[in-house]
Amino acid sequence: MHGRRGFCRTLRAMSPRYWTIAVLTGAALAAPVAAQSPAQQAPPPPMFRSSVTLVTVDVTVLDKDGRPVPGLTGDDFQVKLNGKTQPVRALSYVQVATKAGDLVVTDIAPETTGRHVVTNSTPPESRLFVLFVDDLSIPPGGAKSFFEAAARWVGRLPAEDAVGLANTTGTVVVNPTRERAPVMAALRRLTGEFTDPRRPLVPNGPTVSIAEALDIVDYNDVGTLRNVIARECFGGNANEASSGSIEFLVARNQCAGQAQGAARMIAAQTRAATRRQVDAVMAAVAAMKPAKGLKQLVLMSQGIGVTRNSYGTFEPVARVAADAGVQVSVLMEGGDEVDMADGGRSPENVRGDSAGSPDAGLTARRREDRRMFQSSGQTLADATGGFYQTIVGAADQAFDRAQVAGSAVYRLGVEPPADAPEGAAFSVSASVKKTGVTLHANRQAVVPGPP
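Just so we're clear, the structure is a prediction, and the values are computed from it rather than from any experiment. (Residues numbered from 1 in each chain as written. Predicted model: local features only at pLDDT ≥ 70, side-chain atom pairs only at ≥ 80, totals over all residues. Heavy atoms only, no water.)

Q: How should the nonpolar core be read in this particular structure?
A: As a rule of thumb, nonpolar side chains are buried together in soluble globular proteins. By size, the foremost hydrophobic cluster in this structure holds 51 residues, and its most contacted members are F132, I229, V285, L297 and L299. When neighbours within four sequence positions are excluded, F132 is seen to be in contact with A166, N167, T168, A280, V281, A284, L297, V298, L299 and M300. In terms of nonpolar packing, the next biggest core, distinct from the first, is built from 33 residues, I138, A151, V163 and V174 among them. (Core = buried A, V, L, I, M, F, W, Y, C linked by side-chain atoms within 4.5 Å. Buried < 20%, exposed > 50% of the residue type's maximum accessible area, 1.4 Å probe, protein only. Contact = heavy atoms within 4.5 Å.)

Q: It is not clear to me how the state of the cysteines should be interpreted in this structure. Could you clarify?
A: Structurally, a disulfide amounts to a covalent bond that connects the sulfur atoms of two cysteines. Under the definition given, this model contains one disulfide. Paired by a disulfide, C233 and C255 hold their sulfur atoms 2.0 Å apart. Negative torsions about the S-S bond denote left-handed disulfides, and the value of about -80° found for C233 with C255 makes this one left-handed. Remark: C255 occurs in helix α8 (residues 254-287) and C233 occurs in helix α5 (residues 222-233); sequence separation between them is 22 residues. On the accessibility criterion, C255 (18% relative accessible area) is buried. (Disulfide = S-S within 2.5 Å. Helix = DSSP H or I, 4+ residues; strand = E, 2+ residues; numbered from the N terminus.)

Q: In this structure, what is going on with unusual backbone geometry? I would like to understand it.
A: Most of the time, phi is negative for any residue but glycine, and the peptide bond is trans. Non-glycine residue N204 carries a positive phi angle of around 60°. One can find N204 in the loop between α3 (181-189) and α4 (210-218). Since its relative accessible area comes to 72%, N204 is described here as exposed. Although it is not a glycine, N220 sits at a positive phi angle of roughly 50°. The exposed category is assigned to N220, whose relative accessible area is 60%.

Q: Please clarify how the sheet that holds strand β12 (residues 294-301) should be interpreted in this entry.
A: What holds strands together in a sheet is hydrogen bonding between their backbones, with the strands either parallel or antiparallel. Within the open sheet, the six strands sit side by side as β11-β10-β9-β12-β13-β14. Their pairing is mixed. The open sheet is flanked by β11 (173-177) and β14 (388-391), the only strands paired with a single partner. Strand-to-strand twist across the sheet, computed as the mean angle between neighbouring axes with direction ignored, equals 20°. Relative to strand β10 (residues 162-167), strand β9 (residues 127-133) runs parallel, the two being bridged by six bridges. Bridging across to β10, V133 finds its partner in N167. Here helix α10 (residues 362-383) sits on the sheet in contact with β12, β13 (326-333) and β14, set at roughly 165° to β13. (Pairing = 2+ DSSP bridges. Axes fitted to C-alpha atoms, helices over the stretch in contact; angles between N-to-C directions.)

Structure, rendered in structure tokens:
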């Protein structure tokens, strides 16, 4: 019994970030036909030792109330790498009690015949949270209640948890610490840096949403440009905006040229901001890799400008997060945005007649973009196996739900395809054979290097 407990302690003393399966094989000896002298006896059969480095896939399973579901085994999961089902060779379940901060680690090897599960470092002792404030998406003076709710949440975290703070522009960095005061003080000093590119180029000029601008410029969406010109320059009359080529229309109509110019300017500014946002998140996630335990980056944002192929934009983040063992959760402020200085654009102030229909102007554009921002935030959380919530009103419960959702992880050791090289990345599709639950898993996995 002592030996069994010692073995269990050994398993718990090794981290499953780098699973290795050692397989021993040997040829069976046939019964001798006749007695042989020692010199004539056959040599012992050769023993071959081979090892397979398993791909780690972190999976969170939540019930309908958002609480972790314990007690699952490797047989309960199905994991596909690049669309092909691969066997789950090992499983480690790590859960931190949300109040006491106690850690529970259970190691299970679903297939143990001829295999020995080996891992390479100590178990986690607590959780690491990094609050990442996307100040490039937050207007100056905005999100004060958001920051205050984050500070209250930091104050409620168990003493064993470490928490750090960073922002997109890199002006604020608080290294992970168990001291709460530095993080809370920095949160209360934060301010936004968002510069809205959607203002008209000229007074009463055409307004274009960020989503429209990206579609027009990045995807050469002529239909969207014609719709914008019809709305902004012809009072909604699509027939006039459809006459002739876009080049002819822009050349002969000043308003149409202004709409195209606004789209180009907005798209350029948005692309530059998006690159900074994505690169900054990736850098913060990568910096968390050496830490042990359950690791969660909580992104506080008001939007990332991505329309089509948003998963392609966030795939590099998912890959870095998979390699670092980090879950990225996204909390995004919602609600309608109303510009009190925007009187809207009616047909009369566009054409001087009653054709078309009134338009809410910049306020409508902001609402369109809010839907796009929320969709991109949801995609980022889904890609990294994290938790997403749109916040309307107080954000305290959203922080608590993100904390609970990240308090338990099934770390699955999945056998990769044969001869997969070190550093190879795979797309991941994971499912669980249990009803009434929700599964979150990073959609990327990386073959680790040597321990």
